[in-house]
Amino acid sequence: MMPAEFGATPWGRIWVRTVESTAAAGPNPALPKARSLARNHAATLTVETGRVEAEVVVSGRTQQVRIDLPPWSDQERAEAERLVGKALAEHQNLAAGDLPDSLEADLRREKIGVAVALDDMDAACDCRTRRRPCVHVLATLYTLSQRIDERPLLAVELRSPGWEPAAPADPDWTPLADLDVESFYGP
Ligand SMILES: [Zn+2]
């Protein structure tokens, strides 16, 4: 089986779901068009924490897209860092930039949102389409999902200012599972 074109990993898939939520109340004709644009590399992305910018070229016209994403709260970030550190310690053979699929489920269980719902992001495009989100924003998000499938760590970096993925594990940090519960809590 060929890997999915969009959402080949759980990390990309949650972003694909965000895009496709626009079809929840009925078919969105902009979605196939947006997929086609992403497939044909029409969107060139610049991604940094909290912001995705893109130039999307459609029939020779370039549209500028900017999408602002809310950062994680300090609490979410601290918990995410803990879970990512734990997951990376348990999966030491991962390629750089990869994250184990199980971590996505761990974050979901802790209600730490990785993708951002369309209502919670601030998306702007300089086209004149009345219907929002426009096809350029949707193509940008599909392309983002592909970038995240290629490098899942990007999904985490997007939400977390100053994330240092290469930082060595805190030597004082002990995974909870490694503690002897009885001695930890004392007699
Ligand atoms: Zn547009």
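Each residue is numbered by its place in its chain's sequence as written, counting from 1. Local features are withheld for residues below a pLDDT of 70 in this predicted model, meaning they are given only at 70 or higher, and side-chain atom pairs are given and counted only at 80 or more; totals for whole chains, interfaces and linings count all residues. With hydrogens and water excluded, all non-hydrogen atoms of the structure serve as input to the side-chain values.

1. Some points on the coordination of the zinc ion
Then comes step 1: Donor atoms: N, O and S within 2.8 Å of the metal, or within 3.2 Å for Na, K and Ca. Because water is excluded, sites can look incomplete. Bound to the zinc ion are the protein donor atoms Cys125 (SG), Cys127 (SG), Cys134 (SG) and His136 (ND1), situated 2.1 to 2.3 Å from the metal.
Then comes step 2: As a motif over one chain, the donors of the zinc ion read C-x1-C-x6-C-x1-H. Taken together, the residues span a long stretch of sequence, with Cys125 in strand S4 (residues 122–125) and His136 in helix H5 (residues 135–150) at a distance of 11 residues. Strands are runs of DSSP state E lasting at least two residues, helices are runs of H or I lasting at least four, and both sets are numbered from the N terminus onward.

2. So, the UniProt feature "domain: SWIM-type" (unreviewed entry) in the protein
Then comes step 1: UniProt positions are given in the numbering used here, feature names are shortened, and annotations may be inferred rather than shown by experiment. Summarizing the sequence annotation, UniProt attributes the feature "domain: SWIM-type" (unreviewed entry) to residues 112–145 in the numbering used throughout.
Then comes step 2: Within residues 112–145, the helical portion is 32% and the strand portion 12%, while the C-alpha atoms at the span's ends are 18 Å from each other.

3. Details of the packing of aromatic side chains
The description of an aromatic ring pair rests on the distance of the ring centres and on the angle between the ring planes.
Then comes step 1: Between the rings of Phe, Tyr and Trp (Trp by its six-membered ring), a pair exists once the centres lie within 6.5 Å; its type follows the angle of the planes, with under 30 degrees stacked, over 60 edge-to-face, and the other angles tilted. Scanning the model with the defined rule gives 1 aromatic pair in all.
Then comes step 2: On the basis of an interplanar angle of 50° and a centroid distance of 4.9 Å, the ring pair of Phe6 and Tyr142 is categorised as tilted. You can see Phe6 sitting in the segment before helix H1 (10–20) and its partner Tyr142 sitting in helix H5, a full 136 residues away along the chain. The same class applies to Phe6 and to Tyr142, which are both buried. A simple rule labels every residue: compare its accessible area, found with a 1.4 Å probe on the protein chains alone, to the largest value its type can have, and call it buried under 20%, exposed over 50%, or partly exposed in between.

4. Remarks on the sheet that holds strand S3 (residues 61–68)
One key point about sheets: their strands pair by backbone hydrogen bonds, in either a parallel or an antiparallel sense.
Then comes step 1: Spatially, S1-S2-S3-S4 is the arrangement adopted by the 4 strands of the open sheet, whose pairing is antiparallel. Lying at the two open borders of the sheet, with one neighbouring strand each, are strand S1 (43–48) and S4. The average angle at which neighbouring strand axes cross in this sheet is 15°, direction not considered.
Then comes step 2: Residue contacts are defined here by distance: any two heavy atoms, one from each residue, within 4.5 Å place the two residues in contact. Axis definition: a line fit to C-alpha positions, over the contact stretch in the case of helices; interaxial angles, taken between N-to-C directions, run 0 to 180 degrees. Lying on the sheet, H5 is in contact with S1, strand S2 (51–58), S3 and S4; it crosses S1 at an angle near 65°. Any two strands with at least two DSSP-identified bridges between them are counted as paired.

5. Side note on the confidence of the model for the protein
Then comes step 1: On average, residues of the protein carry a pLDDT of 88, and 85% of them reach 70 or more.
Then comes step 2: Here pLDDT means the predictor's own confidence in every residue, given as a number from 0 to 100. Ranking the elements of the protein by mean pLDDT puts helix H7 (residues 181–185) last with 51 and S3 first with 98.
Then comes step 3: Low pLDDT (under 50) marks residues 165–179, which in the prediction has 7 contacts with non-local residues, meaning those over four places away or in another chain.

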